[in-house]
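Next come the chains, spelled out residue by residue.
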Amino acid sequence: MQCTLRTPEQAMHAAHAEHTAPQTALGEISSRISDLDKWRKIFSFCGREGSQTAPQGPAGCGHGAVGTRGAAEPRVPPAEPQQAGRPIPMDMATALRTLLLGNASRTFSQDWAGAHFRFREPRSDLAYALEAEKGGTRAIVMAVQANIIKYLLFVRNTEHTHLERLCKISQKEQGEALAAALADSLWAAGDGRRATVCLLTAATHCSPPAGYKADSFTERIHLFEFPEKAAAQEFIFDHIGCFRDEGSHGLILFLYSLLFSRTLERVREELCAATPHLLECSSGNVSCMQVGSMLKTPKFPIWLCSINGTHSVLFGTNQLLLSDWKMEHVFHLYFYNGQHKQTRTAHLTIDTHSHHWEEGHCEATSSPGRRAPSLEMAIRTKWPGAAVGWNGTQPFF
């Protein structure tokens, strides 16, 4: 049996002509119109109007397999946006690139253009962990990593405890954690009032003017605005492949989303005169400049560290650590630096009641010529004089 989908206008004309048709027939027509409009929006939004192998389309917008090779698995169509997005106008694209790079004629390096959010293997010691490349992208990846840890340890409901909350997670739960972390960052950037999510479509929305060098993705941005954090988080999860699939430009999309959530005007106002733009181009490489610092006593025991110019995350699993002084006598912290060669989370034992006159502590921290690991020195900026045990892990210098 053949089934022909009609346009909404044709369907409404037919419904008017057959005014004597039973109510069930009218209901069927309305249902077809609704389905037709829904799928038109979905495929138009995701750039899937033609073949899924179209070169200009994004790598993926749904919950399909991530980072796998071989036969493609069926993808779940992304959920219909709660509100229509709007294409980026050319003047806004120019302002965006100028704010980031100082000039719209500059483009991102290959490292930046290819960067996306990649997790380690699900249900492993580092299932919670994102892989961070060298360069400016590391700072953004590790900032998101800190929010992922916060979500998994202190927000998500689960029967697991302590480090099990980070390790015993599936690929789907990795996506949920990433969506929560991205939404949390965007919501904070919007002062708890709004979040803007940038995604790519297949078509270019604007023609570059003189002085603007096209990069094949900024011109294809669609902006989706949300007045509620939960709606933004659900939307991101429905399109999580747009941030974690290879070739998705996921990290740049998140960076763009941050700036639009904050608004370009406000970011300009907050930049000091010595920092005319956010990213610095040097010898063809792009590195992220520091725009803020983490308080030593945050709400959760999670610290984003910059040690010797390398960003990493130091965290504890006991939320009472920063609110109950008795918890600070002897406690445990964990460290992840994002490097691929780190195969397990580093476990540190911190003893703040060791005394300088104790022989072992004296030899460990005050021996002439001893090279103290930079991480230990960073920890002592929060807990002066603390003894740090590495529990068999080779210290990170």
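Preceding this section is the structure that the text describes.
Values in this document were obtained by computation on a predicted structure and should not be read as measured data.

1. A few points about the packing of aromatic side chains
Inference 1: Taken as a whole and assessed by the stated rule, the structure comprises 12 aromatic pairs.
Inference 2: On the basis of an interplanar angle of 75° and a centroid distance of 6.1 Å, the ring pair of Tyr128 and Phe315 is categorised as edge-to-face. Residue Tyr128 is found in the loop between α4 (110–113) and α5 (137–155), and its partner Phe315 is found in strand β7 (residues 310–315); the two are separated by 187 residues along the sequence. The two residues Tyr128 and Phe315 agree in class, both being buried.
Inference 3: Arg97 extends its terminal NZ or CZ atom over the ring of Tyr212, reaching a point 4.6 Å from the ring centre.

2. Comments concerning the side chain of Arg165
Inference 1: As for its placement among the helices and strands, Arg165 is situated in helix α6 (residues 164–167).
Inference 2: Buried and without a salt bridge, Arg165 has Glu164 as its closest oppositely charged side chain, separated by 8.9 Å.
Inference 3: In this structure the side chain of Arg165 is engaged in a polar contact, spanning 3.0 Å, whose partner is the backbone oxygen of Leu152.
Inference 4: A distance of 3.0 Å separates a polar side-chain atom of Arg165 from the backbone oxygen of Leu153.

3. Quick word on unusual backbone geometry
Inference 1: Unusually for a residue other than glycine, His249 sits at a positive phi of about 55°.
Inference 2: Considering the arrangement of structural elements, one finds His249 in the loop between α9 (241–244) and α10 (250–262).
Inference 3: Among the residues examined, His249 registers a relative accessible area of 15% and is labelled buried.
Inference 4: A positive phi angle, close to 55°, is found at Asn308, a residue other than glycine.

4. Considerations on the pattern of salt bridges
Inference 1: Considering all chains together, one arrives at 16 salt bridges under this definition.
Inference 2: Between Glu133 and Arg118 there is a salt bridge, and its shortest N-O distance comes to 2.7 Å. A residue pair is termed long-range when its members are at least 10 positions apart, and Glu133 in the loop between α4 and α5 and Arg118 in the loop between α4 and α5 qualify at 15 residues.
Inference 3: By sharing partners, the salt bridges in this structure join Asp191, Arg262, Arg266 and Glu270 into a single network.

5. Remarks on the sheet that holds strand β3 (residues 221–226)
Strands pair in a sheet through their backbones, by hydrogen bonds, and they do so in one of two ways: parallel or antiparallel.
Inference 1: Sheet architecture is open: three strands sit in the order β1-β3-β2, paired in antiparallel fashion. The two strands at the open ends of the sheet, each matched to only one other strand, are β1 (86–87) and β2 (195–200).
Inference 2: Relative to β3, β1 runs antiparallel, the two being bridged by two bridges. Note that in β3 the partner of Arg86 across the bridge is Leu223.

Thresholds applied
- Residues numbered from 1 in each chain as written.
- Predicted model: local features only at pLDDT ≥ 70, side-chain atom pairs only at ≥ 80, totals over all residues.
- Heavy atoms only, no water.
- Phe/Tyr/Trp six-rings, centres within 6.5 Å; stacked < 30°, edge-to-face > 60°.
- Helix = DSSP H or I, 4+ residues; strand = E, 2+ residues; numbered from the N terminus.
- Buried < 20%, exposed > 50% of the residue type's maximum accessible area, 1.4 Å probe, protein only.
- Lys NZ or Arg CZ within 6 Å of the ring centre and 35° of its normal.
- Lys, Arg positive; Asp, Glu negative; His and termini not counted.
- Salt bridge = Lys/Arg side-chain N within 4 Å of Asp/Glu carboxyl O.
- Polar contact = N/O pair within 3.5 Å; in protein donor to acceptor, adjacent residues only side chain to side chain.
- Pairing = 2+ DSSP bridges.

Treat this as a map of the structure, not an account of what it does.
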